[in-house]
Amino acid sequence: MAEKRAGRPTDSPKNFMLRVKMDKTTLAELDTCCKITHQNRSEFVRRNIHEKYEILR
């Protein structure tokens, strides 16, 4: 039986995947934001959801 590889330890495991449809312009804007902030797409989206949530609650 193969050994399960361990990733980085975290207090917040990322168990859910979200697929999003967007047009080319929106994807280009996302990629530009990611490049400027030195984040990958997932990190950028998660961070901005958290920021927006704090504003709205």
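Before going into details, it helps to say that this report is about the structure given with it. As the structure is a prediction and not an experimental result, all values here were calculated from the model.

## Looking at the overall build of the protein chain
- Counting its regular elements, the protein chain contains 2 helices and 0 strands.
- For the protein chain, whose C-alpha radius of gyration is 15 Å, the value lies well above the compact-globule estimate of 10 Å for 57 residues.
- Here the protein chain, with 57 residues, has 7% of them falling under the buried criterion.
- Here the protein chain contributes 13 positively and 8 negatively charged side chains, and the mean placements of these two sets differ by 4 Å.

## Let's talk about the state of the cysteines
- Overall, the coordinates contain 0 disulfides when judged by the stated rule.
- No disulfide involves C34; its sulfur sits 6.8 Å from the nearest other cysteine sulfur, which is in C33.
- Take C34: its relative accessible area is 7%, and that puts it in the buried class.

## What about the side chain of Q39?
- With respect to the helices and strands, Q39 occurs in the loop between α1 (24-37) and α2 (41-56).
- Residue class for Q39 comes out buried when judged on its relative accessible area of 13%.
- At a separation of 3.3 Å, a polar atom in the side chain of Q39 contacts the side chain of T37.
- Aside from chain neighbours lying at most four places away, what touches Q39 is C34, F44 and R47.

## Digging into α2
- Relative to the 22 Å expected for 16 residues at 1.5 Å per residue, α2 spans 22 Å between its end C-alpha atoms, a close match to the ideal helical length.
- If you check the start of α2, you find a side-chain oxygen 3.1 Å away from the backbone N of S42, and it comes from N40.

## Describing the packing of α1 against α2
- Following both chains from N to C, one finds α1 and α2 inclined at 90°, their axes separated by 9 Å at the closest point. Classed by the angle they form, the pair α1 and α2 counts as roughly perpendicular. In this structure, α1 contributes L27, L30, D31, C33, C34 and T37 to the contact, and α2 contributes R41, F44 and V45.
- Each residue belonging to the contact of α1 with α2 can be placed in one class, and the counts come to 6 nonpolar, 1 polar and 2 charged.

Each value, and the rule that gives it
Residues numbered from 1 in each chain as written. Predicted model: local features only at pLDDT ≥ 70, side-chain atom pairs only at ≥ 80, totals over all residues. Heavy atoms only, no water. Helix = DSSP H or I, 4+ residues; strand = E, 2+ residues; numbered from the N terminus. Rg over C-alpha atoms; globule rule 2.2 N^0.38 Å. Buried < 20%, exposed > 50% of the residue type's maximum accessible area, 1.4 Å probe, protein only. Lys, Arg positive; Asp, Glu negative; His and termini not counted. Charge placed at Lys NZ, Arg CZ, Asp CG, Glu CD. Disulfide = S-S within 2.5 Å. Polar contact = N/O pair within 3.5 Å; in protein donor to acceptor, adjacent residues only side chain to side chain. Contact = heavy atoms within 4.5 Å. Expected span 1.5 Å × (residues − 1). Axes fitted to C-alpha atoms, helices over the stretch in contact; angles between N-to-C directions. Parallel < 35°, antiparallel > 145°, perpendicular 65-115°, else oblique. Nonpolar A, V, L, I, M, F, W, Y, C, P; charged D, E, K, R; others polar.

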